[in-house]
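Here is what each chain is made of, one letter per residue.
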Amino acid sequence: MALSVPGYSPGFKKPPEVLRLRRKRARSLGAASVPRELPKPAPRHAALAAGLPLRPFPAADRGGGGGLAAARRNPFARLDTRPRTAAEPRGGPPRDQQAAPGPFLDSNQENVLLWEETFPESTDVTELLQTPHISSSESDIPSSESTELPVDWSIKTRLLFTSPHPFTWADHLKAQEEAQGMVQHCRATEVTLPQSIQDPKLCTKLRCAFQQSLIYWLHPAFSWLPLFPRIGADRKMTGRISPWSNDETLQHILMSDWSVSFTSLYNLLKTKFCPFFYVCTYQFTVLFRAAGFAGNNVITALISPTTRGIREAMKNEGIEFSLPLLKENGHEKKKASGTSLGPEEEQVISDEDEEESFSWLEEMGVQDKIKKPDMLSIKIHKEKHEVQMDHRPESVVLVKGMNTFTLLNFLINCKSLTATSGPQAGLPPTLLSPIAFRGATMQMLKARSVNVKTQTYSGYKDQFSLEITGPVMPHSLHSVTMLLKSSQSGSFSAGLYTHEPTAVFNICPPMEKVLEKETTPEELANCGLHPKTLDQLSQVPILGKSSLRHVEMSDYIYNWRS
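Per-chain numbering applies: the sequence of each chain, read as written, is numbered from 1 onward. The predicted origin of the model limits local features to residues at a pLDDT of at least 70 and limits the giving and counting of side-chain atom pairs to 80 or more, whereas totals for whole chains, interfaces and linings rest on all residues. Side-chain figures throughout are based on the complete set of non-hydrogen atoms in the structure, without hydrogens or water.

**Regarding helix H6 (residues 175–186)**
Helix and strand definitions follow DSSP, with helices as H or I runs of at least four residues and strands as E runs of at least two, each counted in order from the N terminus. In a helix, the anticipated span is given by 1.5 Å times the number of residues less one. A rise of 1.5 Å per residue sets the reference length of H6, with its 12 residues, at 16 Å; its end C-alpha atoms lie 17 Å apart and thus fit the reference within 8%. Where H6 is concerned, the buried positions are Glu 177, Gly 181, Gln 184 and His 185. Viewed end-on, H6 has its buried residues packed into an arc of 100°, placing them on one side of the element. Residues of H6 that are exposed and point over 90 degrees away from its buried face: Ala 175, Gln 176 and Cys 186. Classification of residues uses two cut-offs on accessible area relative to the type maximum, computed with a 1.4 Å probe and protein chains only: under 20% is buried, over 50% is exposed, and between them is partly exposed. Picture the helix axis, draw a direction to every C-beta atom, and the arc is the one those directions span.

The structure is reproduced here in structure tokens:
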């Protein structure tokens, strides 16, 4: 039975008493001019007389020489707010002069030591806050330098440009400049700017071109509803008025108008008057590209993300498709009845493997003694692999050539294309296009410039930023960067925020014939894009499943990271 000794606290159960004793020892050590042995406190004498185990006092100095024992570091030293003298170091005594932890080091002291190793005490809180946080995944991504950006087919939701030069030229456009920008967009006027503009705010040509680059076309258009993005938009649409949700007649009218607009867009794409367009549903997004873009000589359509049900429905409609990111373990693709099986390819291969795995049982003559899995178990095992890639980038589907027309009819007649419940019930998918089409509404990306002061080592400096929000399509991104290249004297940086389901559109699909820039059809010149933008979108995608995240231009050289 443990003895009760007044003032003694075994196991550091009374920190105030122990800390008071240590502070008392520290003061006595600082005031002492001649080395002498410290008297043991009365509670310690009583504990030793009772035979209780005690924590040892700090050991003698490691350097030897008969000096005083260095006081053990106070685990609550961070709470010390007393003013430091000029001779007192900020970080306390050096580590080589501190005593080693005793054999009974408690958990509080262990945590303090770990904290000191990670963040030295000499580091201020402001220094920690100003230190940029770079995750391991971001620091490992290599950057690339070039005079042009790679093509990015994903849709951006926000662009944030920063530059040492102001963006005041992008604010408060005059009525004439706004009207001129719209006319230039509708007539597909090509605007050529010098490499550097001395006074961008007085350059009417620049301001009109900026207005031209912000225009896009949308269907349907309801000003009180956010129609992009559609995936995961239920929360933003909750509480909004949707008179068609319970009115089947109104839903039929909306879908009829949408079908006309969708068909109009496809006809423009087929005749190469429209370079590309997007179909955004509440479940997936479809990118239609005209022949000659992304290195393909036929019309292509990418669907992402998909599910097993969508792929099965497309197969039943006779649509030939493939899954470019599907790993086939070295086996060749197989087709049946002229239709690409897509996810069924691995199933056929697994059937052959299962037959081979049971053949050795027949050779040994024990095939009747071993219970084989029934057909239901085999089917469930096969479906498991298909369901696992649903809603993932690997589920992206590629449709090429005349099968895109079959896909058009499939999407128009697909009952599950619109939601049956929730805030998006009965609302047709969103059509996004860089050019006008039947039933479309002209829309503008929102742009605003902000001037802030940022703290640097020498004080404060002005930081100018330009924010653009909305469905930023590939042509708009390229057009804006071309304008900033001239207006900001080749010095700016940008943070790009991607609509993640569309990042996989940057994969390089299999091509039968790669079109070089010299062999690009002349008809593409009538699709309403700037010639430089047209050249960029004709390139073969190189970003894979990723997209541009950060772009920096210095001395007219791009440095980008995905």
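**Quick word on the pairing of strand S3 (residues 215–219)**
With 5 of 5 residues buried, S3 lies mostly within the body of the structure. Here the rule is simple: two strands pair whenever DSSP picks up at least two bridges between them. The pairing of S3 with strand S11 (residues 441–444) spans 4 bridges and is antiparallel. Across the sheet, Leu 218 pairs through a bridge with Thr 441, a residue of S11. As paired strands, S3 and strand S10 (residues 430–433) are joined by 3 bridges and run antiparallel to one another. Its bridge partner lying in S10, Trp 217 is registered against Ser 433.

**Points about helix H7 (residues 204–213)**
When you tally the buried positions in H7, you get 8 out of 10 residues, the bulk of the element. Residue contacts follow a heavy-atom distance rule, with two residues in contact if any of their heavy atoms lie within 4.5 Å. On its buried face, H7 is in contact with H6, S3, S11, strand S12 (446–456), strand S13 (459–472) and helix H14 (474–487).

**Concerning the nonpolar core**
Residues belong to one nonpolar core when they are buried, are Ala, Val, Leu, Ile, Met, Phe, Trp, Tyr or Cys, and are joined through side-chain atoms within 4.5 Å. Among the nonpolar cores identified, the biggest contains 101 residues, and Trp 153, Phe 161, Tyr 278, Phe 288, Met 314, Leu 407 and Ile 468 are the most heavily contacted of them. Looking at this core, the element that brings in the most residues is helix H9 (residues 248–270), giving 7 residues.

**Considerations on the packing of H7 against H14**
For any two helices packed against each other, one specifies the inter-axial angle together with the distance between the axes. Direction vectors running N to C along H7 and H14 enclose 160°, while the axes themselves pass 9 Å from each other. By the angle class used here, H7 and H14 are roughly antiparallel. The crossing of H7 and H14 is left-handed. From H7, Leu 206, Ala 209, Phe 210 and Ser 213 reach across to H14, where they touch Ser 476, Ser 479, Val 480, Leu 483 and Ser 487. Looking at the contact of H7 with H14 residue by residue, the class counts come to 5 nonpolar, 4 polar and no charged. To get an axis, a line is fitted to the C-alpha atoms, and for a helix only the part in contact is used. The angle between two axes follows their N-to-C directions and goes from 0 to 180 degrees. Roughly parallel covers angles under 35 degrees, roughly antiparallel covers those over 145, roughly perpendicular covers 65 to 115, and oblique covers all other angles. In this scheme the crossing of two helices becomes right-handed for a clockwise turn of the near helix relative to the far one and left-handed for an anticlockwise turn of less than a right angle. In this classification, Asp, Glu, Lys and Arg are treated as charged, Ala, Val, Leu, Ile, Met, Phe, Trp, Tyr, Cys and Pro as nonpolar, and every other residue, Gly included, as polar.

**Quick word on the sheet that holds strand S4 (residues 276–280)**
The 7 strands lie next to each other as S9-S6-S5-S4-S10-S3-S11, forming an open sheet whose pairing is antiparallel. The open sheet terminates on both sides in strands that have one partner only, identified here as strand S9 (397–400) and S11. Each strand axis lies, on average, 25° off the axis of its neighbour in the sheet, ignoring direction. Sheet strands in contact with H6 are S3 and S11, and its direction is about 70° off that of S3. Across the sheet, helix H13 (residues 403–413) lies against strand S5 (285–289), strand S6 (300–304) and S9, angled at about 115° from S9, the strand it touches most.

**A word on the packing of H6 against H7**
Between H6 and H7, the shortest axis-to-axis distance is 7 Å and the interhelical angle comes to 60°. The angle between H6 and H7 falls in the class oblique. Viewed along their axes, H6 and H7 form a crossing whose handedness is right-handed. Contact residues: H6 offers Glu 177, Glu 178, Gln 180, Gly 181, Met 182, Gln 184 and His 185, while H7 offers Thr 204, Arg 207, Cys 208, Ala 209, Gln 211 and Gln 212. Taken together, the residues of the contact of H6 with H7 break down into 3 nonpolar, 7 polar and 3 charged.

**Considering the confidence of the model for the protein**
Summary statistics for the protein give a mean pLDDT of 76 and a share of 64% for residues scoring 70 or more. Note on scores: pLDDT gives the predictor's confidence for each residue, bounded by 0 and 100. At the level of individual helices and strands, the protein shows its lowest average pLDDT in strand S7 (residues 335–336), which scores 35, and its highest in S10, which scores 98. In the model, residues 59–69 has pLDDT below 50 throughout and makes 12 contacts with residues more than four positions away in sequence or in other chains. Counted against residues more than four places away or in other chains, residues 514–519, with its pLDDT under 50, gives 8 contacts.

**Quick word on unusual backbone geometry**
A cis amide bond, omega -10°, links His 219 with the succeeding residue Pro 220. Here the amide bond leading from Ser 304 into Pro 305 is cis, since omega sits at -15°, within 30 degrees of zero. Along the chain, the position of Pro 305 falls in the loop between S6 and helix H10 (308–316). Of note, the phi angle at Asp 555 is positive, near 55°, even though the residue is not glycine. Here Asp 555 shows up in the loop between strand S15 (550–554) and strand S16 (557–561). Since its relative accessible area comes to 62%, Asp 555 is described here as exposed. Positive phi values are uncommon outside glycine, yet Tyr 556 reaches one of about 65°. Here Tyr 556 lies in the loop between S15 and S16.

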